[in-house]
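# Structural overview
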Amino acid sequence: MKKWVLGVVAFATMIGLGACGTSEKTDSKQEDKVIKVAAQAPPMTDIVKVAAKEAKKDGWDIQLVQVNDNVAYNDMVMGEEADASLAQHKPFMEKYNQEKNATLVALQPIYDAKVGFYSKEYDSIDALPENSKIALPSDVSNEGRALAILNDYGIITLKDGVGANGTVKDIVENPKNFEFMSVDLLNLAEAYSEPDVAMVYNYPTYIAKIGLKPSDALFLEKTPDSRFSIQLVAREDNQDSEKIKALKKAVTSDAVKKFLEDEHSDTLLVAF
């Protein structure tokens, strides 16, 4: 009798353990369908949300991980706290790789932001007085892009061949003797309101914080440079994974394209 009871207990225990194992496997399987995407601000965060609805049709759960600065999304992807990011252009990513010895890869351009220069006090570049202060992004890639725009408009002249890779040290002609200030990208919107700043470079995402849009700019980049398209970014070791394939499909879906064209055509151009 005792042996029979013990046998029943042992069998029940095995069933219980089996059930736990099944539950763990099920949970693990569900977890494998989760794709975490780090992004900082609209429209990137909005794109992730629209893509999530599309991915759900194929059984994937895209989750937005929203961050507050321009380093966290890369740190999270490299630290495997996120599978990918939607937040930056390729030159910015390459600079991060260089500085951090990281292995991020740009997989898919999503859109080209309409960037340009804004002034609170002046309504044309010709109206800016000599020795005016102009605020530029402090990171090398965006500084180079901003200077290339000024060069294209004949406001300054850069050394031959530097293109969008120049720095203020590459300025060879500055007719109005403009003074260039180096400001963190996230603080350029605030610099716009500073009384001693005549003009600032900025992106639609950040200038929107103070109620401005590209149509308010003194001038915009003449032709979007595809090197600066906002990209879907992952790591070398996961770029070919099923998760990233599913994510890429979702962020380049017709639904995302329609969303960008319908809601953000004044600030960007679709790049896929």
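Refer to the structure printed above.
Note that the structure is a prediction, hence the values are computed from the model and not measured.

## So, the overall build of the protein chain
Looking only at helices and strands, the protein chain has nine helices and 13 strands in total. Put simply, 74% of the contacts in the protein chain that link residues at least 6 apart link residues at least 24 apart. Carbon and sulfur atoms make up 50% of the accessible area of the protein chain, which amounts to about 14200 Å² in all.

## With respect to the packing of aromatic side chains
Following the criterion strictly, the structure yields five aromatic pairs and no others. Ring centres of Phe 117 and Tyr 201 lie 5.5 Å apart, and the angle between their planes is 65°; this geometry places the pair in the edge-to-face category. Taken together, the positions of Phe 117 in strand E5 (residues 116–118) and Tyr 201 in strand E10 (residues 199–202) put the pair 84 residues apart, joining distant regions of the chain. Here the two residues Phe 117 and Tyr 201 agree in accessibility, since each one is buried. One aromatic cluster is present, formed by Phe 117, Tyr 153, Tyr 201, Tyr 203, Tyr 206 and Phe 219 through successive ring pairs. Over the ring of Tyr 153 we find Lys 222, and its NZ or CZ is 4.7 Å from the ring centre.

## Observations regarding the sheet that holds strand E13 (residues 268–270)
Taken in spatial order, the six strands line up as E2-E1-E3-E12-E4-E13 in an open sheet, and their pairing is mixed. Edge positions in the sheet fall to strand E2 (61–66) and E13, since each has one partner strand and no second. Averaged over all pairs of adjacent strands, the angle between strand axes in this sheet comes to 35°, irrespective of strand direction. Two strands pair when backbone bridges link them, and strand E4 (residues 104–113) and strand E12 (residues 230–235) are joined in this way by six bridges, in the antiparallel orientation. Opposite Pro 109, over in E12, you have Gln 231 as the bridge partner.

Thresholds applied
- Along each chain, the written sequence defines residue order, and numbers are assigned to residues from 1.
- In keeping with the model being predicted, local features are shown solely for residues with a pLDDT of at least 70 and side-chain atom pairs are shown and tallied solely at 80 or more, while totals for entire chains, interfaces and linings include all residues.
- To obtain the side-chain values, all non-hydrogen atoms of the structure were included, while hydrogens and water were left out.
- Helix and strand definitions here come from DSSP, where helices need a minimum of 4 consecutive H or I residues and strands a minimum of 2 consecutive E residues; each element is numbered from the N-terminal end.
- Any two residues whose heavy atoms approach within 4.5 Å are treated as being in contact.
- Methods summary: accessible areas were calculated by the Shrake-Rupley approach with a probe of 1.4 Å, and residue burial reflects only the protein chains presented.
- Aromatic rings from Phe, Tyr and Trp, taking only the six-membered ring of Trp, are treated as a pair when their centres fall within 6.5 Å; an angle between ring planes under 30 degrees marks them as stacked, one over 60 as edge-to-face, and anything in between as tilted.
- Per-residue accessibility, obtained with a 1.4 Å probe over protein chains only, is compared with the maximum for each type, and a residue is labelled buried under 20%, exposed over 50%, and partly exposed between these values.
- Criterion for a charge above a ring: Arg CZ or Lys NZ at most 6 Å from the ring centre, at most 35 degrees from the ring normal.
- DSSP-based pairing: two strands are paired if at least 2 bridges between them are found.
- Each axis is a line fitted through C-alpha atoms, and for a helix only the stretch in contact is used; angles between axes span 0 to 180 degrees, taken between their N-to-C directions.

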